[in-house]
Amino acid sequence: SPKHKYYKEINEVIAEHIKYAAKLDIDNTWELIHDEGEMKVFKREMEEDGMVVDPLKAVHTVKGITGHEVCHYFWNPDVRMEWEGTLESAQVLDWFSEDTCVCYQIHKKVWPTTQREALFWTQIRHVPNEDEDEDGPDYWIVCNYSIPDHDKCPEKTKNIRAIMNVAMICETVVEPPQSDRNITRENITCKIQYHANVNPGGWAPASVLRAVYKREYPKFLKRFTQYVMDQTKDKPIMF
Ligand SMILES: O=S(=O)(CCO)c1ccc(-c2ccc(C3CCCC3)c([C@H]3C[C@H]3c3ccccn3)c2)cc1
């Protein structure tokens, strides 16, 4: 299809997340806010114009599912309301291609803040390892990236528009290494990196937002990964 308006931006944003994921440098500038089993959630405290815009990074390792499966269910707009507990509504406004669409969603009100909504493109992409380096990382990635407007987006709602740049980046490990033919779910593990940069789009008390993030992100990652395990356990493996 002819290149759509966001074609260039999407390639740049995805490339940036892949470059960043390959480094995975969790240095001491990241503060550990949740450590449960294989899941570790970090934040950096940052403010822009007096608003909390703390970048969030989570790493998680989940047995029995693949990176393609995690990204498929994270990306698929049809199932968003099944696992995303903090949404009041979610809808697709437009399709740029079969792996890229525009979503509009309203988050449940977080007392005492004004209710938030988000308008963003979402793309799922397989980023195979470089040909010459067959040991290089092979990623599946989903990126959700806010756009300023869309002609099908509801106007003048009472909500504040949050601005986000979110990525779910996964690698699949097969142990012991075997040919694709007889791999079972006992042999696979998914290594997840989740990066979320959410600007609340308008003032909210820093203490409230930080408490909400600390509570909601680990809950969301736990609930989402459990959802993927439940959905895939009796299905053929998506590599
Ligand atoms: O990973 S995704 O792309 C999945 C698609 O939904 C994602 C996740 C989270 C958000 C988001 C947006 C706004 C807020 C705040 C800002 C002021 C008041 C609401 C929060 C805070 C509420 C916290 C939160 C953290 C994690 C999950 C859900 N809720 C989170 C957006 C996108």
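Residues numbered from 1 in each chain as written. Predicted model: local features only at pLDDT ≥ 70, side-chain atom pairs only at ≥ 80, totals over all residues. Heavy atoms only, no water.

K.L.:
Mind showing me how you'd approach helix 1 (residues 7–23) here?
P.N.:
Given 3.6 residues per turn, any residue in an α-helix points the same way as the ones three and four places further on. The end-to-end C-alpha distance of helix 1 is 25 Å, a good match for the 24 Å that 17 residues give at a rise of 1.5 Å each. What helix 1 keeps buried is the set I10, V13, I14, H17, I18 and A21. What you see down the axis of helix 1 is that its buried residues fit within an arc of 135°, all on one side. Pointing more than 90 degrees away from the buried face of helix 1 are the exposed residues K8, K19, A22 and K23. If you follow the buried residues of helix 1, they end up packed against strand 6 (87–97), strand 7 (100–107), strand 8 (116–127), strand 9 (139–146), strand 11 (163–174) and strand 12 (188–199). Of the residues one or two after helix 1, L24 is the one with positive phi, at around 40°. (Helix = DSSP H or I, 4+ residues; strand = E, 2+ residues; numbered from the N terminus. Expected span 1.5 Å × (residues − 1). Buried < 20%, exposed > 50% of the residue type's maximum accessible area, 1.4 Å probe, protein only. Arc of directions from axis to C-beta. Contact = heavy atoms within 4.5 Å.)

K.L.:
When you look at the nonpolar core in this model, what are you seeing that I'm missing?
P.N.:
Note that soluble globular proteins tend to have their nonpolar side chains buried in a common cluster. One finds V70, F74, M168, Y194 and F224 to be the most contacted residues of the largest nonpolar core, which totals 40 residues. In terms of residues, this core owes the most to one element, helix 4 (residues 206–232), which gives eight residues. Setting aside its immediate chain neighbours within four residues, V70 contacts I65, M168, C170, C190, I192, F224 and V228. Membership of the second largest hydrophobic core comes to 20 residues, among which are I10, L119, I147 and C153. (Core = buried A, V, L, I, M, F, W, Y, C linked by side-chain atoms within 4.5 Å.)

K.L.:
Mind showing me how you'd approach the confidence of the model for the protein here?
P.N.:
When pLDDT is low, close inspection of the predicted coordinates is not appropriate. Summarising the model, the protein shows a mean pLDDT of 95, and 99% of its residues fall at 70 or more. On the interface metric, ipTM, the complex scores 0.95, and its pTM is 0.96. (pLDDT = per-residue confidence, 0-100.)

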